[in-house]
Every structure is written in C-alpha cells, then in structure tokens.
Amino acid sequence: MATATMIDGKNFAARLRTGIAAQVAQLKTSHDLTPGLAVVLVGEDPASQIYVRNKGLQAQEAGMNSFQHRLPATTTQAELLARIADLNADPAVHGILVQLPLPTQIDSHAIIEAIAVAKDVDGFHPVNAGLLATGGDAMVPCTPLGCLMLLKAYAGDLIGQRAVVLGRSNIVGKPMAALLLREHCTVTIAHSRTRDLAEECRRADILVAAVGQAQMVKGDWLKPGATVIDVGMNRIPTPDGKGRLAGDVDFASALAVAGAMTPVPGGVGPMTIACLLLNTLTAASRQHGIPVSEILPTAD
Ligand code: GUN
C-alpha cells in the first residue's frame, strides 16, 4: 500500500527561522534596525500563557526585541485600548499581537480594529483582510501563511490545482482560500453545512482541513495522491487519562491514500510561530521602506 510523504513542519519551520534570523542580523548591520514584537496577554489562561512565552522566546532567538504585556483578567476594554494606543505610537514596536480569546468584557473586534494596520502581525484587521482579498500588500494571518509555504514546497506547481479548504473561520479558512486563489488554484470552501462533505473533499488535489473536529476526514474522503494539510489541534482522551493531540484528519487511514500530508503535532503548528516572526520582520522592513526579500525553504 502506498504511504504518504510526511511533511516535516518542525524541520521546515526551523529552517525558516534560520533564514529570518539571517535577515534580522542583516537589518541590524545595514539599517541599525531591530524588529520588535509586542505580545499582549489578558488574563491567566494556561494554554495562552505557554503560547505567549514561546512567541517571546522565539522572537529573541531570531534576534528580535520581544515586549511582553501581561494584564489582569479584570482589564477593561478602555484600558486595553489605551495599551494598544501606546504600542501603536512606540517606534521600537513593529508588530503587535493581542492573544485571543479575550475575557468576555472585551469586544475583540474593537481591539483588533484598534491595532495599527502596519503593525497587525496577526493579519486580523479588516483592512488587512481586505488587502489580502484584493491583491494588496497585506499582513497575512500566520497559520494560513505557514500552510501556503508548505504547499509551495511540497505540492508542486499550484496553478490550476483544485484546492478544498475545510472550515470558514476568519483566522484560517477565509484567508487560506484567498491565498490559494492568489496562487491560481481553483478554490472551494467547504464547512459544517456543506452537502456531502466527503464528496467535495474527494475532488481536492490540495485539502486544507481547519474545522476543529478530531479525525473527521477519513482516508476514503481523499483523492489518491492528494496533498493534505491538517490545521486541527484537538485534544482527545487516551486510556492513561493524559489525552493526546489529534488533527482534523484521521491520520492512519489518510496515510495510505494521500500523496503528502502534515502530521499533528509537528506539521502546521511550528509554522504558525515562524510566520509570526516572518510577519514581524516584514512589518519592520515595510515601516522603514526597506525591500523584503522572500524567504522560502524547500522540501527537505
Ligand atoms: N490564539 C490562538 N491562536 C491565535 C493567533 O494566531 N493569534 C492570536 N492573536 N491569538 C491566538
């Protein structure tokens, strides 16, 4: 039985970070400029604390400045808006990320819209979403950007390929579809209300699964040889009670049908933070009118 090529996102992300660190070092030498990333965490959610710490550590490892802002869970919307206004005005800060989800007293749309468009390294601001949809110089959301880099390296020429994006979130599904369209794929967005989801998936040369349902996509939903990118990060129970991480794709059955696929963990996950660093480098360069050269590792 055929076995899919494993797309090693961990290794790919490490090589991407090496390329980013080299450009950061060059910016320092050529323009005396150090990209700065501010990460804002409101409250004490344990998973968010780990993410935020990792974002800061990896920014520092790439030679960037990292500014961590930890605010209490009782922070008001006005207080958070004031903090964002300070960061917008701070010339040492080139990228601002407010970790989501936010406590319920805060309207996340209002917060996202308060971040300066040029510093919106998450790419969640409606202006950046609009620029992406209309072919402008957008800040692109990190997870779909990471998925696209893997596809460019592992899926061959993207032009004309049939791509199915499973999921329609603002963070992954919609920007992923826009990116694939920009690469000249024929794009379908499928979701929980789609009629015959399996049949839609079977048409896909490229399948990006981002629905948040553990192991939903089975091997017999796939076209033989398809490239499968699994964005899912679902915790599922195990007999020892510890639980484990599973993607949206049923790995065991997909392995025999797909041409190439990302594992969970070790696929898309590491690419997300690497692309946050890439966006911070891009933001710093653009804010200083410095051209950005593309960094795109190849398949290993
Ligand atoms: N929480 C989970 N993922 C993300 C992300 O990509 N960006 C932000 N800001 N918060 C998140």
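So, here is what we can say about the structure in this document. (Residues numbered from 1 in each chain as written. Predicted model: local features only at pLDDT ≥ 70, side-chain atom pairs only at ≥ 80, totals over all residues. Heavy atoms only, no water.)

**Details of the packing of aromatic side chains**
Here is the rule: Two rings from Phe, Tyr or Trp (for Trp, the six-membered ring) form a pair when their centres are within 6.5 Å of each other. A pair whose planes differ by under 30 degrees is stacked, one over 60 is edge-to-face, and the rest are tilted. The numbering of helices and of strands both runs from the N terminus, where a helix is a DSSP run of H or I of at least 4 residues and a strand a run of E of at least 2.
Evaluated as defined, the whole model comprises one aromatic pair. Plain terms: the ring middles of Phe12 and Tyr154 are 6.4 Å apart, the flat faces sit at 50° to each other, and that makes the pair tilted. Taken as a pair, Phe12 in helix α1 (residues 9-31) and Tyr154 in helix α6 (residues 142-154) lie far apart in primary sequence, 142 residues in all.

**Considerations on helix α3 (residues 77-89)**
Convention followed: Working rule for helices: expected span equals 1.5 Å times residues minus one. Type-normalised accessible area, obtained with a 1.4 Å probe on protein chains alone, sets the label of each residue: buried when under 20%, exposed when over 50%, and partly exposed for intermediate values. Directions are taken from the helix axis to each C-beta atom, and the arc is the one they span. The contact definition used throughout considers only heavy atoms, calling two residues in contact when any of these lie within 4.5 Å.
The end-to-end C-alpha distance of α3 is 18 Å, a good match for the 18 Å that 13 residues give at a rise of 1.5 Å each. Among the residues of α3, those classed as buried are Leu80, Ile84 and Leu87. The arc that holds the buried residues of α3, viewed along the axis, is 60°, so those residues lie on one side. In α3, the exposed positions that point more than 90 degrees away from the buried face belong to Ala78, Asp86 and Ala89. Residues of α3 that are buried sit in contact with β2 (36-42), β3 (65-71), β4 (95-98) and α4 (108-114).

**Considerations on the site of the ligand**
Test applied: We call a residue near a molecule or strand when any one of its heavy atoms sits within 4 Å of it. Whenever two N or O atoms come within 3.5 Å, that pair is a polar contact, provided that in protein one can donate a hydrogen and the other can accept it, and provided that, for residues adjacent in sequence, both atoms are side-chain atoms. Per-residue and other accessible areas were derived by the Shrake-Rupley procedure at a 1.4 Å probe size, with only the shown protein chains allowed to occlude residues. Residues are grouped as follows: Ala, Val, Leu, Ile, Met, Phe, Trp, Tyr, Cys and Pro are nonpolar; Asp, Glu, Lys and Arg are charged; all remaining types, including Gly, are polar.
What surrounds the ligand is the set Leu97, Val98, Gln99, Leu100, Asp122 and Phe124. The backbone of Val98 places a nitrogen or oxygen atom 2.8 Å from a nitrogen atom of the ligand. Residue Asp122 places a side-chain N or O atom 2.5 Å away from a nitrogen atom belonging to the ligand. Protein chains shield 76% of the accessible area of the ligand, which is 280 Å² for the free molecule. Among the residues making up the shell around the ligand, the classes are represented as four nonpolar, one polar and one charged.

**Considering the sheet that holds strand β8 (residues 227-230)**
The following threshold applies: Being paired, for any two strands, means DSSP has found at least two bridges between them. Under this scheme, a helix contributes an axis fitted over its contacting stretch, all axes are lines through C-alpha atoms, and angles between N-to-C directions fall in the 0 to 180 degree range.
An order of β1-β11-β8-β7-β5-β6 is seen for the six strands of this open sheet, with the pairing classed as parallel. Since the sheet does not close on itself, it has two edges, and those belong to β1 (5-6) and β6 (186-190), each with one partner. Sheet topology places strand β7 (residues 206-209) next to β8; four bridges connect them, and they run parallel. Following the sheet pairing, Ile206 is matched in β8 by Thr227. Against the sheet, α6 engages β7 and β8, with an angle of about 160° to β8. With respect to the sheet, helix α7 (residues 173-182) is in contact with β5 (162-166), β6 and β7, its orientation differing from that of β5 by roughly 170°.

**Quick look at the side chain of His94**
Inspection of the secondary structure assignment puts His94 in the loop between α3 and β4. A residue is classified by how much of its surface remains accessible, and His94, at 2% relative accessible area, is buried. Among the polar contacts listed, one links the side chain of His94 to the backbone oxygen of Pro91, at a separation of 3.5 Å. Among all residues touching His94, those that are not within four sequence positions of it are Leu33, Thr34, Pro35, Gly36, Ala118, Lys119, Thr280, Ala283, Ala284, Gln287 and His288.

**Brief notes about the sheet that holds β3**
Strand order in the open sheet formed by three strands is β3-β2-β4, with parallel pairing between adjacent strands. Only two strands of the sheet have a single partner each, and these edge strands are β3 and β4. Across this sheet, the average inter-strand angle for adjacent strands is 15°, counted without regard to direction. Of the strand pairs in this sheet, β2 and β3 are connected by seven bridges, and their pairing is parallel. Note on β3: the bridge partner recorded for Val42 is Leu71.

**Section: the state of the cysteines**
Under the convention used in this document: Here, two cysteine sulfur atoms that lie within 2.5 Å of each other are counted as a disulfide.
Scanning the model with the defined rule gives zero disulfides in all. We note that Cys201 lacks a disulfide partner, and the nearest cysteine sulfur, in Cys147, lies 15 Å from it.

**Some words on the pattern of salt bridges**
Stated formally: Criterion for a salt bridge: a side-chain nitrogen of Lys or Arg within 4 Å of a carboxyl oxygen of Asp or Glu.
The full count for this structure, using the stated rule, is six salt bridges. Notably, a salt bridge pairs Arg286 with Asp137, separated by 3.9 Å at the nearest N-O pair. Residue Arg286 is located in helix α10 (residues 268-287), and its partner Asp137 is located in the loop between α5 (126-134) and α6; the two are separated by 149 residues in the primary sequence. Overall, the relative accessible area of 62% leaves Asp137 in the exposed class.

Interpretation in functional terms is not warranted from these geometric data alone.
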